[in-house]
Amino acid sequence: MKKLLSIFALVASLGLGLAANTYAEDAAPAAEAAAVVAPVADAAAPVEAAPAEAAAAPAPTPNKGDTAWMLISTVLVTLMVIPGLALFYGGLVRQKNMLSVLMQTFMIFSLMAVLWAIYGYSVAFTGGNPYYGGLAKAFLAGITPDSIAATFSKGVVIPELVFVAFQLTFAAITPALIIGAFAERMKFSAILAFMVIWFTFAYLPMAHMVWYWDGPDAITDAASLETVVANAGWLWAKGALDFAGGTVVHINAGVAGLVGAIMVGKRIGYGKEAMAPHSLTLTMVGAALLWVGWFGFNAGSNLEANGYAALALVNTMIATGAATLSWAFAEWLLKGKPSMLGAASGAVAGLVAITPACGFVGPMGAIIIGLLVSPICYFFVAKVKYWLGYDDALDVFGVHAVGGIFGALATGVFVNPALGGMGVYDYVANAVGEYNFAAQMTAQAYAVGTAIVVSTVVSVIAFKLVDMVIGLRVSEESEREGLDTSEHGERAYHS
């Protein structure tokens, strides 16, 4: 636990220090809170104080172009997980553990898909309280092909089933990211049990707090805005900006990975035996699939096929390119040679950092974010991990948590229109509102801090419970043999 606290203190000094002076400020004003672009599925939420003529207006109809784009985006995010993440992680482990990583990723995606339909969607995207939704849509009750979900434009909707499927892929990839931290030594049954607990008590509350609101059509004046803010997720109401999951996905998963790496313990022979990746070729293929699939992840989070989706796509492309370059050149400078693994790691760091910012910042801001994130993540991966002695096998914390923290804070800076950002939209005035640096950075810091605390507490409890009931770690004999055969009775390769 001392080691865990030391790591968080170091992260805070490097990342949260950017916003340290903002904690004394109040949360973002209500007008700015309403401007946060966040997914919404409860399109049936009542609209307070709507004028009579608006009440008589026909219900909006989904646009086929928006619907088609969201279906494609859903498929792209699925591609990120299976096969993208599976191959990226699989190539990084030793040959004897290749199938175990593939199996864990495949099964986690399948498990989360079912849990999402049973209760996850309802808990994340229905009203209840600022921290947790309800069960009004458990088992997808009441959702039909005719049900609609709001987007970020007044009068524009998509089919709710499309939104359900799109958000399902986010709920599936987030727990799957965690497994890289304790790869090669944890029981398969323990992993599945942990994921159920963590998904229920860490992922769903974060998704609700950051992304749930009643939608833009519910905001017509200042009074209705107050109603929307009161009914929204806690961090949305504070004005936190997270376009596609910097806090909900990456910080959340990265912190859980660190807790797991420490509580499961180091791999046998860590620091003494060679544990080189068995196939950087597969890792590169996985990284490429992640990059392609991430366009659905980020640009799809706009929920509409318009210029802001194009902005998110362009920002994702160029921030990732910049991060790939900066990691490779940092490695070249410090080690004398740029590596394929370094380039792939840089690409993922860039994708992580631009995720919360992609629809809010301009292209030049995206390039700066990409250029800066890789040296920070490289420092944690190459130095901090060894100084503190934790075995984060595939650098989940160093890339996802650290990159996510940087990206979330950088979003608050580069959303500023004076720096080329898009600004924060005011749905009462139907225009971009005045940018307030102190208020925005306070909101971003709240989101980062909340993600760290929620994921840490839930992860510690979940790992402890699973350890007591099942046991976290395979036997020494099984670990030396490899999880492919000891846990699954298979081999990835036959000579």
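For the structure, check the block above.
Residues numbered from 1 in each chain as written. Predicted model: local features only at pLDDT ≥ 70, side-chain atom pairs only at ≥ 80, totals over all residues. Heavy atoms only, no water.

**Q** Account for unusual backbone geometry, with residues named and values stated.
**A** Here the residue pair Ile82 and Pro83 is connected by a cis peptide bond, since its omega of 20 degrees sits within 30 degrees of zero. Within the secondary structure, Pro83 is located in helix α4 (residues 64–92). Even without glycine at this site, Phe139 takes up a positive phi of about 60 degrees. Looking at the secondary structure, you find Phe139 in the loop between α5 (98–125) and β1 (148–150). For Phe139, a relative accessible area of 64% gives the class exposed. Phi at Leu303 is positive, roughly 70 degrees, even though this residue is not glycine. Examined against the element boundaries, Leu303 turns out to sit in the loop between α11 (280–299) and α12 (307–335). When its relative accessible area of 0% is taken as the criterion, Leu303 is described as buried. (Helix = DSSP H or I, 4+ residues; strand = E, 2+ residues; numbered from the N terminus. Buried < 20%, exposed > 50% of the residue type's maximum accessible area, 1.4 Å probe, protein only.)

**Q** So what about the side chain of Asp66? Which residues, and what values?
**A** Mapping Asp66 onto the fold places it in helix α4. For the buried Asp66, no salt bridge exists, and the shortest N-O distance to an oppositely charged side chain is 13 Å, to Lys64. Once residues within four sequence positions are removed from consideration, Asp66 is found in contact with Val156, Ile158, Leu303, Glu304 and Ala305. (Lys, Arg positive; Asp, Glu negative; His and termini not counted. Salt bridge = Lys/Arg side-chain N within 4 Å of Asp/Glu carboxyl O. Contact = heavy atoms within 4.5 Å.)

**Q** Could you give an account of a nonpolar patch on the surface, naming the residues involved and the relevant values?
**A** Taken together, Val453, Val457, Ile461, Leu465, Met468, Val469 and Ile470 make up a surface patch of nonpolar side chains, about 670 Å² in accessible area. Within the element layout of this structure, Ile461 appears in helix α16 (residues 437–469). We classify Ile461 as partly exposed; its relative accessible area is 47%. (Patch = residues over 30% accessible without salt bridge, like charges linked within 9 Å, V, L, I, M, F, W, Y side chains within 5 Å. Areas by Shrake-Rupley, 256 points an atom, 1.4 Å probe, with all protein chains shown as cover.)

**Q** Could you give an account of the packing of aromatic side chains, naming the residues involved and the relevant values?
**A** The tally for this structure, following the rule as stated, stands at 26 aromatic pairs. Seen from their ring centres, Tyr121 and Phe163 are 6.3 Å apart, and the 65 degrees between their planes marks the pair as edge-to-face. Separated by 42 residues along the polypeptide, Tyr121 in helix α5 and Phe163 in helix α6 (residues 160–178) bring together distant segments of the chain. The same class applies to Tyr121 as to Phe163, namely buried. Sitting above the plane of the Tyr446 ring, Lys238 keeps its charged end 4.4 Å from the centroid. (Phe/Tyr/Trp six-rings, centres within 6.5 Å; stacked < 30°, edge-to-face > 60°. Lys NZ or Arg CZ within 6 Å of the ring centre and 35° of its normal.)

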